[in-house]
Amino acid sequence: PAGQRRSNPIRRENLRRLDHGYWWVVGVGAVFTLARFREAFLVLRAEQSGVPLALVPLVMVAMNGVYAASAYPFGRLADRMDHRTLLALGLAVLIAADLVLASGTHWATLLAGVALWGVHMGLTQGLLATMVADTAPADLRGTAFGFFNLVSGVALLLASVVAGLLWDRLGAAFTFYAGAGFSALGLLGLWMRRGA
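Scope of this entry: the structure provided in the associated data block.

Conventions and cut-offs
Residues numbered from 1 in each chain as written. Predicted model: local features only at pLDDT ≥ 70, side-chain atom pairs only at ≥ 80, totals over all residues. Heavy atoms only, no water. Helix = DSSP H or I, 4+ residues; strand = E, 2+ residues; numbered from the N terminus. Rg over C-alpha atoms; globule rule 2.2 N^0.38 Å. Contact = heavy atoms within 4.5 Å. Areas by Shrake-Rupley, 256 points an atom, 1.4 Å probe, with all protein chains shown as cover. Lys, Arg positive; Asp, Glu negative; His and termini not counted. Charge placed at Lys NZ, Arg CZ, Asp CG, Glu CD. Axes fitted to C-alpha atoms, helices over the stretch in contact; angles between N-to-C directions. Parallel < 35°, antiparallel > 145°, perpendicular 65-115°, else oblique. Left-handed = near helix turned anticlockwise from the far one by under 90°. Patch = residues over 30% accessible without salt bridge, like charges linked within 9 Å, V, L, I, M, F, W, Y side chains within 5 Å. Salt bridge = Lys/Arg side-chain N within 4 Å of Asp/Glu carboxyl O. Buried < 20%, exposed > 50% of the residue type's maximum accessible area, 1.4 Å probe, protein only. 1 Å grid on protein atoms, 1.4 Å probe; cavity = no way out; pocket = protein on both sides within 12 Å on 5 of 7 lines; lining within 4 Å. Points joined across faces, edges and corners; volume = space filled by probe spheres on them. Expected span 1.5 Å × (residues − 1). Polar contact = N/O pair within 3.5 Å; in protein donor to acceptor, adjacent residues only side chain to side chain.

**Focus on the overall build of the protein chain**
Point 1. Helix and strand content of the protein chain: eight helices and zero strands.
Point 2. Listed by position from the N terminus, the elements making up the protein chain come as α-α-α-α-α-α-α-α.
Point 3. Its C-alpha atoms give the protein chain a radius of gyration of 18 Å, near enough to 16 Å, the size a compact globule of 196 residues would have.
Point 4. Its C-alpha atoms give the protein chain principal-axis dimensions of roughly 60 × 40 × 30 Å.
Point 5. Put simply, 80% of the contacts in the protein chain that link residues at least 6 apart link residues at least 24 apart.
Point 6. Surface exposure of the protein chain reaches about 10,400 Å², of which carbon and sulfur atoms provide 66%.
Point 7. In the protein chain, 16 positive and 10 negative side-chain charges are present, and the distance between their average locations comes to 6 Å.

Below, the structure written as structure tokens:
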């Protein structure tokens with residue numbers, strides 16, 4: 001009602017109402033984010049590949065183009081398939097993207113890695129949002145999305161700091177190998193959940 005004061009929805013009582021399924025989705029989202037650090041590292045890899053500086057932003061255009069083109073078909077597939085299976089497929093594609101990007105700096109290698117990264121985004125981003133909506137009570141969906149994005153944002157900050165340190169100290173390839181490692185941990189978590 002008009003004039004009624006509303007309190008902050010992220011309260012202990014509200015968070016207690018979010019069940020185990022929701023918290024599992026939050027955990028999976030955090031692992032995904034740790035595995036998929038900022039796309040700025042794709043731009044840095046493009047610079048190492050000898051792409052002229054003026055053309056480097058086209059890497060993001062290519063990645064987002066593949067993401068946009070794949071999101072709708074994978075969204076339709078998510079309506080008919082088990083979500084955990086699609087998440088596992090998304091992690092497998094991310095592992096492939098990281099391994100391709102770690103393997104060399106030739107422009108064709110870069111393009112293949114960027115395309116795989118875009119496919120991964122198309123597979124997983126809308127799916128995670130659907131899973132948040134499916135596991136949260138209707139009256140707490142805004143809170144559920146807000147908390148999910150808060151955790152994902154913190155994980156992205158942490159992942160990008162770690163990726164930057166690895167890039168500076170051990171090189172670009174090791175950064176992408178670490179991303180593949182986090183993705184493999186995510187796959188292991190999905191497999192353990194399936195067996196539970």
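From this point, the narrative continues.
**Some words on the packing of helix H4 (residues 58-78) against helix H6 (residues 107-135)**
Point 1. Interhelical geometry of H4 versus H6 gives an angle of 40° and a closest axis separation of 7 Å. Considering their axes alone, H4 and H6 lie oblique with respect to each other. With respect to the hand of their crossing, H4 and H6 are arranged in right-handed fashion. From H4, Val-59, Ala-62, Met-63, Val-66, Tyr-67, Ser-70, Ala-71, Phe-74 and Ala-78 reach across to H6, where they touch Leu-110, Val-114, Ala-115, Trp-117, Gly-118, Val-119, Met-121, Gly-122, Leu-123, Gln-125 and Leu-127.

**A few points about a nonpolar patch on the surface**
Point 1. Judged by side-chain polarity, Phe-182, Leu-185, Leu-188, Trp-191 and Met-192 come together as a nonpolar surface patch covering roughly 560 Å² of accessible area.
Point 2. Within the secondary structure layout, Trp-191 lies in helix H8 (residues 172-195).
Point 3. Given the relative accessible area of 61%, Trp-191 is considered exposed.

**Let's talk about empty space enclosed by the protein**
Point 1. Under the counting rule described, the total for this entry stands at one cavity of 30 Å³ or more.
Point 2. There is about 50 Å³ of room inside the largest cavity.
Point 3. Surrounding the largest cavity, Leu-34, Phe-37, Ala-159, Val-162, Ala-163, Leu-166, Thr-175, Ala-178, Gly-179 and Phe-182 form its lining.
Point 4. Looking at the lining of the largest cavity, the elements with two or more residues in it are helix H7 (141-170) and H8.

**Here we look at helix H2 (residues 20-35)**
Since there are 3.6 residues in each turn of an α-helix, residues three or four apart along the chain are aligned in direction.
Point 1. Given a rise of 1.5 Å per residue, 16 residues ought to cover 22 Å, and the 23 Å separating the end C-alpha atoms of H2 matches this to within 8%.
Point 2. Inspection of H2 places Gly-21, Tyr-22, Trp-24, Val-25, Val-26, Val-28, Gly-29, Ala-30, Phe-32, Thr-33 and Ala-35 among the buried residues, and these make up the whole buried set.
Point 3. The backbone nitrogen of Gly-21 lies 3.1 Å from a side-chain oxygen of the residue at the head of H2, namely Asp-19.

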